[in-house]
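# Analysis of the macromolecular model
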Amino acid sequence: MANKKEKILIFGYGKYGQFVAKDLRLKNYDVYIAEYNKKNINRANKDGFNKVILVDIENDNELLHILYNNSFKKIFCVFDDEEENVYLTITFKALMKDLEVISICESRKSERKLKLAGVNKVIDIIELAANRLFFVLEKSAVTYTLDEIFFNNPNIIFEEIVIPKNSFLDGVNIDDIDFRKYKIVVIGIVDRKLGDKFTFITRGIKHKLDAKDILIVTGKKDDIKSFKMKLNESTK
């Protein structure tokens, strides 16, 4: 049996924490889970995690005790409530400046808060979903399901968007558009001039967009709806 990699402590075993914990376990990390929700603790135990800690996240002494007793150097803050992840990041950076803290976010506002709090790395949920999908489709042997990719979050969807003639996307290079400001991620494109072949944009391919090309995007329903409205209005 292969030796375990470094120990990693995951705070939260909700819809996001489950995915992160299982993913790290598959990569052979020594996974510990800290939770205050007893239902989530029971779920983690049923999923085969035996290093699960009941914790009061508002008790600094308890948090320090967990960190020092197990010599953790890296933690994930992946509670479903983004404010809890921000709070933990601030707390841990105040207690142990050298501790590597990785957290998740669904919004630019939370990302800014996490960076101000001193987080080492922010994982954007929507971008993670897009990259996971790319990996699954390219590597068919991988057995992740779409439900796992999207963390059972019905608010994150796929959408095909046809580029309107004379819109702000018509005739521009895809690299020149900052889609993050629209809170969406472009997964790929169907170029009508080249037929119906789908090309993954996650590879960093440079591509000139034309009217009638189709963008395949992912993001929250409301953000995609807003982007489509702005795109259509720009033709007027």
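These lines cover the structure that appears in this document, whether it is placed above or below. Predicted model, so just to flag it, every value in this text is computed and none were measured. (Residues numbered from 1 in each chain as written. Predicted model: local features only at pLDDT ≥ 70, side-chain atom pairs only at ≥ 80, totals over all residues. Heavy atoms only, no water.)

Assigned secondary structure in the protein chain consists of eight helices and 10 strands. Considering the protein chain as a whole, with its 236 residues, one finds that 47% of them fall into the buried category. Of the roughly 13000 Å² of accessible surface on the protein chain, 49% is carried by carbon and sulfur atoms. (Helix = DSSP H or I, 4+ residues; strand = E, 2+ residues; numbered from the N terminus. Buried < 20%, exposed > 50% of the residue type's maximum accessible area, 1.4 Å probe, protein only. Areas by Shrake-Rupley, 256 points an atom, 1.4 Å probe, with all protein chains shown as cover.)

Moving on: helix 4 (residues 82-95). For helix 4, built from 14 residues, the straight-helix expectation of 20 Å at 1.5 Å per residue is met to within 8% by its first-to-last C-alpha distance of 20 Å. For helix 4, every residue scored as buried is listed here: Glu82, Glu84, Asn85, Val86, Leu88, Thr89, Thr91, Phe92 and Lys93. Check the buried side of helix 4 and you find it contacts strand 1 (7-11), helix 3 (60-70), strand 4 (74-77), strand 5 (100-105) and helix 5 (108-117). The backbone nitrogen of Glu83 has a side-chain oxygen 2.9 Å away, supplied by the residue at the start of helix 4, namely Asp81. (Expected span 1.5 Å × (residues − 1). Contact = heavy atoms within 4.5 Å. Polar contact = N/O pair within 3.5 Å; in protein donor to acceptor, adjacent residues only side chain to side chain.)

It is worth spelling out the nonpolar core at this point. Core analysis: the largest hydrophobic core is formed by 23 residues, its most contacted members being Leu9, Phe11, Leu67, Ile75, Leu88 and Phe92. Secondary structure elements with two or more residues in this core: strand 1, strand 2 (30-35), helix 3, strand 4, helix 4 and strand 5. Residues Ile8, Tyr16, Val20 and Ile123 belong to the second largest nonpolar core, which totals 19 residues. (Core = buried A, V, L, I, M, F, W, Y, C linked by side-chain atoms within 4.5 Å.)

Bringing the sheet that holds strand 5 into the picture now. The parallel open sheet is built from six strands, whose spatial order is 3-2-1-4-5-6. The open sheet has two edge strands, strand 3 (52-54) and strand 6 (121-124), and neither has a second partner. Adjacent strand axes in the sheet meet at a mean angle of 20°, parallel and antiparallel pairs treated alike. In the sheet, strand 2 pairs with strand 3 via three bridges, with the strands oriented parallel. Note that in strand 3 the partner of Ile33 across the bridge is Val52. Strands in contact with helix 4 are strand 1, strand 4 and strand 5; relative to strand 5, the strand with the most contacts, it is inclined by about 165°. (Pairing = 2+ DSSP bridges. Axes fitted to C-alpha atoms, helices over the stretch in contact; angles between N-to-C directions.)

For the structure shown, the criterion picks out 10 salt bridges. One salt bridge in this structure joins Asp23 and Lys27, with 3.0 Å as the shortest N-O distance. Connected through salt bridges with shared partners, the residues Glu6, Lys74 and Glu100 form a single ionic network. (Salt bridge = Lys/Arg side-chain N within 4 Å of Asp/Glu carboxyl O.)

Here we come to helix 8 (residues 221-233). Relative to the 18 Å expected for 13 residues at 1.5 Å per residue, helix 8 spans 18 Å between its end C-alpha atoms, a close match to the ideal helical length. Considered for burial, the residues of helix 8 that qualify are Asp223, Ile224, Phe227 and Leu231. The buried residues of helix 8 occupy one face: seen down the axis, they fall within an arc of 95°. Facing away from the buried side of helix 8 by over 90 degrees, the exposed positions are Asp222 and Lys225. Packed against the buried residues of helix 8 are strand 7 (156-162), strand 8 (184-190) and strand 10 (214-220). (Arc of directions from axis to C-beta.)

Our next topic: the pairing of strand 6. Here strand 5 pairs with strand 6 via four bridges, running parallel. Residue Cys105 lies in a different strand from strand 6, and its bridge partner there is Asp124. Taken together, strand 5, helix 5 and strand 6 constitute a β-α-β crossover, and its handedness is right-handed. (Right-handed = clockwise from strand over helix to strand, strands pointing away.)

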